[in-house]
Amino acid sequence: MKAKVHVTLKSGVLDPQGKAVQNALTGLGFGGVDSVRQGKYIELDLEETDAERARESVDAMCRQLLANTVIENYHIDIEG
Amino acid sequence: MKSAVIVFPGSNCDRDVAVALEQSTGRAPVMHWHGDPQLPDVDLIVLPGGFSYGDYLRAGAMAAHATSVMPTVVERARKGVRVLGICNGFQVLTEAGLLPGALMRNTNLSYVCRDVWLRVENNRTPFTEGYGLAQVVRIPVAHHDGNYYADDATLKHLADKDRVAFRYCDRDGGFRAPDNPNGSRDNIAGIFNESGTVLGLMPHPERLADPRLGGTDGRPMFDALARALG
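Owing to the predicted nature of the structure, the values given are computational and were not obtained by experimental measurement.

1. Examining the interface of chain B and chain A
If you look at the interface, chain B gives 14 residues, while chain A gives 16 residues. It is Leu57, Arg58 and Met104 of chain B in chain B that bury the most area against chain A; as a group they hold 40% of the surface buried on that side. Remark: the boundary between chain B and chain A carries one salt bridge. Note that Arg58 of chain B and Glu72 of chain A form a salt bridge whose closest N and O atoms lie 3.8 Å from each other. Viewed at the interface, chain A and chain B are joined by five residue pairs in polar contact (both at pLDDT 80 or more). Looking at the side of chain B that touches chain A, the elements that each hand over two or more residues are α2 (61-65) and β5 (102-104) of chain B. Broken down by element, the side of chain B that touches chain A gets its largest block of residues, three residues, from α2 of chain B.

In structure tokens form, the structure reads like this:
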């Protein structure tokens, strides 16, 4: 199975990189961008064939390593 | 006093801190490779500055979670062995859960490499008793991810429990925005764990511990540790 993990900063945590990207977009003439939040996208190929077990396993990976839950949230999509 | 410096792939201040430790203690520290879980019995463990694992994933994450020695470091720290994390070492300590909060990208997005002023906020620990309370010292920083973040409740707890070791300040010990080099909340440059036995800080005391390097404001930390730990 394939797991797709999005790691994003928690709301309330300042994102200076996102802010810089927003300013750059404005500078390039793209109006109406109210905010930019930058995150990470991680793809995992798994041997596991059961979606439920795959999700549990990736959830543990996120809590232990892939995300820092002090500052980040994560979202997991499992695909067959 | 026996000490060990943990060496990760990408550490680059391991030798500097070893020189500072030997100067103050008269004894060279053990240089301990991260892949060896058999850490000798020591009184002080140092996690040095650098860019362990090239800051892959997050600064300090791989060193904290994927090295053989870290479970031993965490276990010893929980037993009260003194642990000092400098720069990347501070990042590793937060990632490993030995200190609260996280070190994020500097708010100005720049790598900051210069001397900063620090105010000593708690001088009643073996790390800081060589300084006066509210003494202003000059110590270099060199980092891209030194922006200390913790939520409001954690910041209040740190302040209430006197767990802030150093704050970025101006030459006179006051706080103005330009004197915070990285955007750290509450100007925090270094913090202790609950029992005051673990210190993490972004600035590099080992880089100004010899007059030939242009200053000695970092030396009292190593002298104090040598006195306290015998």
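Text resumes after the structure shown.
2. Digging into the environment of Asp15 of chain A
Residue and element names in this part refer to chain A. Within the element layout of this structure, Asp15 appears in the loop between β1 (2-9) and α1 (16-27). The class of Asp15 is buried, set by a relative accessible area of 8%. For the pair formed by Asp15 and Gly29, sequence separation is 14 residues and the distance between their alpha carbons is 22 Å. If sequence neighbours within four positions are ignored, Asp15 has contacts with Leu9, Val36, Arg37 and Gln38.

3. Examining the packing of helix α1 (residues 14-25) of chain B against helix α6 (residues 219-228) of chain B
Residues and elements named next belong to chain B. Direction vectors running N to C along α1 and α6 enclose 55°, while the axes themselves pass 8 Å from each other. What the angle tells us is that α1 and α6 run oblique. The two elements α1 and α6 meet at a crossing, and its hand is right-handed. Where α1 abuts α6, its residues Val17, Ala20, Leu21, Gln23, Ser24 and Thr25 lie against Arg219, Phe222, Asp223 and Ala226. Partitioned by chemical class, the residues of the contact of α1 with α6 number five nonpolar, three polar and two charged.

Cut-offs used in this document
Positions within a chain are numbered from 1, following the residues in the order the chain's sequence is written. Throughout, the order in which chains and ligands are written sets their labels, letters from A for the former and numbers from 1 for the latter. The predicted nature of this model means local features are confined to residues of pLDDT at least 70 and side-chain atom pairs, given and counted, to a pLDDT of 80 or more, with totals for whole chains, interfaces and linings taken over all residues. Side-chain measures here rest on the full set of heavy atoms in the structure, leaving out hydrogens and waters. The contact criterion used throughout is that any non-hydrogen atoms of two residues lie within 4.5 Å. Summed over both partners, buried area is the accessible surface (1.4 Å probe) that two parts give up on being assembled. Whenever Lys or Arg places a side-chain nitrogen within 4 Å of a carboxyl oxygen from Asp or Glu, that contact is recorded as a salt bridge. The definition of a polar contact used here is a pair of N or O atoms within 3.5 Å, where within protein one atom must be able to donate a hydrogen and the other to accept one, and adjacent residues in sequence count solely through side-chain atom pairs. Secondary structure follows DSSP: runs of H or I at least 4 residues long count as helices, runs of E at least 2 residues long count as strands, and numbering of each begins at the N terminus. Each residue gets one of three labels from its accessible area relative to the maximum for its type: buried under 20%, exposed over 50%, partly exposed in between, using a 1.4 Å probe on protein chains only. Helix axes use the C-alpha atoms of the stretch in contact, all axes being lines fitted to C-alpha atoms, and the angles between their N-to-C directions lie in the range 0 to 180 degrees. Here the word oblique covers every angle except those under 35 degrees (roughly parallel), over 145 (roughly antiparallel) and from 65 to 115 (roughly perpendicular). Handedness of each helix crossing follows the sense of rotation of the near helix against the far helix: counterclockwise by less than a right angle gives left-handed, clockwise gives right-handed. For this classification, Asp, Glu, Lys and Arg are treated as charged, while Ala, Val, Leu, Ile, Met, Phe, Trp, Tyr, Cys and Pro are nonpolar and the rest, including Gly, are polar.

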